[in-house]
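One-letter residues, chain by chain:
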Amino acid sequence: MSSPDPQVRAARNLTDPSPESTPEEKRPRSPGNRGPVVAVTGAATGIGELLTAHLAASDAIKQVIAIDERRGEVSEATWHILDVRDPAIAEKLRGADVVVHLALDLDLETDPAARTAYNVRGTQTVLTAAAAVGVHRVVLCTSAMVYGALADNDVPLSEDAELRATAEATGVGDLLEIERLGRRAPRAHPGLNVTVARPTVLVGGTDTALTRYFESPRLLVVAGSRPTWQFCHVEDLVTALEYAALEKIDGEFAVGCDGWLEQEEVEELTGVRRMELPSAVALGAAARLHRIGLTPSPAGDLAYTMHPWVVSVSRLHDAGWRPKWTNEEVLGALLEEVEGRHTLAGRRLGRKDATAAGAAGATVALLGAAAVVRRARKARRRI
């Protein structure tokens, strides 16, 4: 899912024609090709770019319409340059059979209010516009995080399990609202089918609180917790989204590797030792660090490293899909990707900072900083 450039969103006057939006290139297709016309939002970066390239190369797809705030590299697609919140998107979707909506901002550093405004309004606009011009299917991509990470979760969860997540983790409130909009849309627009993909811990050019967990010099484990890990490589997500675009699967479905890894297996595979903290200390420190602006991740993110939230992927299996990646392989790819990065309590450090601080010492320093701030605030209140 893309993280749109806020400067582009702020600067572009969408009422004026953009010189980038005028040239359109259409991939030549054989007269016998009767596959669907698929529109992809957020097509210039991230998963949107990968899916656009994949669909453009597929003989099962008649045409790909690519929509983003800048033109991407996939020349075989027909490009339209605009913000997905612009109602003018309806005309750009005309003629499409399916829309895969990937223009979401889940960047840890984005202002939460701006992120929610973009994600929710963009999804509302795409669903309404698609229904208005006769698109019969919209594919949304959220996350298996919507199930919630709770100590009493089944392992694995069934795909039709209740969504028990709260809005306390980064972006999860947005994803829950997107799912609500998706459930409501077919009732408001009869004939519109909404399909929802829920990937597990996504790896492959992604930057989330969960991938940053593996950038730390020690893996934080909350005492008494039962972490389980189920990964999803972006390449597998792309093929699963293709299945949805080709109407090989309906409804809500999870995407991820088969099975899961226990925390002990993760530590053995990574060679990174754990740092175990009592629950009250870990959660309290995470909340304080986020509140004073030292870390981008709220305390709610920590639950997803404490409690199980692995999910069955039986619906995709029943449709004939199989992941190409195993959990072990994705974890290995993630370790290669984050090599050289240094993160403590969700905050990125430069190499010099990390070396000077030391592994456990840096974490203790951050926790201590939060405690000092707390004591200072109490002292000010007593004055």
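Thresholds, definitions, all that
- Residues numbered from 1 in each chain as written.
- Predicted model: local features only at pLDDT ≥ 70, side-chain atom pairs only at ≥ 80, totals over all residues.
- Heavy atoms only, no water.
- Helix = DSSP H or I, 4+ residues; strand = E, 2+ residues; numbered from the N terminus.
- Phe/Tyr/Trp six-rings, centres within 6.5 Å; stacked < 30°, edge-to-face > 60°.
- Buried < 20%, exposed > 50% of the residue type's maximum accessible area, 1.4 Å probe, protein only.
- Lys NZ or Arg CZ within 6 Å of the ring centre and 35° of its normal.
- Core = buried A, V, L, I, M, F, W, Y, C linked by side-chain atoms within 4.5 Å.
- Salt bridge = Lys/Arg side-chain N within 4 Å of Asp/Glu carboxyl O.
- pLDDT = per-residue confidence, 0-100.
- Contact = heavy atoms within 4.5 Å.
- Pairing = 2+ DSSP bridges.
- Axes fitted to C-alpha atoms, helices over the stretch in contact; angles between N-to-C directions.

Our focus in this paragraph is unusual backbone geometry. Here the bond from Val-155 into Pro-156 is cis, since omega is 0°, no more than 30 degrees from zero. As for its placement among the helices and strands, Pro-156 is situated in the loop between β5 (137–141) and α5 (172–188). The phi dihedral of Glu-247 is positive, around 60°, even though this residue is not glycine. By the secondary structure assignment, Glu-247 is in the loop between α7 (234–245) and β11 (252–255).

Attention now moves to the packing of aromatic side chains. When we look at a pair of aromatic rings, we describe it by the centre distance and by the angle of the planes. Under the defined criterion, the tally for this structure stands at six aromatic pairs. Centre to centre, the rings of Tyr-213 and Phe-214 are 5.2 Å apart; their planes meet at 80°, and the pair counts as edge-to-face. One exposure class covers both Tyr-213 and Phe-214, and it is buried. Of note, Lys-248 hangs over the ring of Tyr-243, and the distance from its end group to the ring centre comes to 4.6 Å.

The next thing to look at is the nonpolar core. Counting residues in hydrophobic clusters, the biggest one holds 36 residues, and the most contacted among them are Val-100, Leu-241 and Val-255. Elements with a minimum of two residues in this core: β1 (37–41), α2 (46–56), β2 (63–68), β3 (78–81), β4 (98–101), β5, α7 and β11. When residues of this core are assigned to their parent elements, the largest contribution, eight residues, is made by α7.

Turning next to the pattern of salt bridges. According to the stated counting rule, one finds 12 salt bridges in the structure shown. With a shortest N-O distance of 2.7 Å, Arg-94 and Glu-91 are connected by a salt bridge. Three or more residues are tied together by salt bridges with common partners; here these are Glu-264, Glu-267, Arg-274 and Glu-276.

Before going further, it helps to spend a moment on the confidence of the model for the protein chain. Taken over all residues, the pLDDT of the protein chain has a mean of 85, while the share at 70 or more is 80%. Counting contacts from residues 2–32, a segment whose pLDDT is below 50, to residues more than four positions away or on other chains yields 57 contacts. This stretch, residues 344–376, has a pLDDT under 50; its non-local contacts, to residues over four places away or in other chains, come to 43 contacts.

Whether parallel or antiparallel, the strands of a sheet pair through hydrogen bonds between backbone atoms. The strand order across the open sheet formed by seven strands is β3-β2-β1-β4-β5-β6-β11, and the pairing between neighbours is parallel. Lying at the two open borders of the sheet, with one neighbouring strand each, are β3 and β11. The sheet shows a mean angle of 20° between the axes of neighbouring strands, direction not considered. Across five bridges, β5 lies against strand β6 (residues 193–199) in parallel orientation. Within β6, the residue paired with Cys-141 across the bridge is Ala-197.

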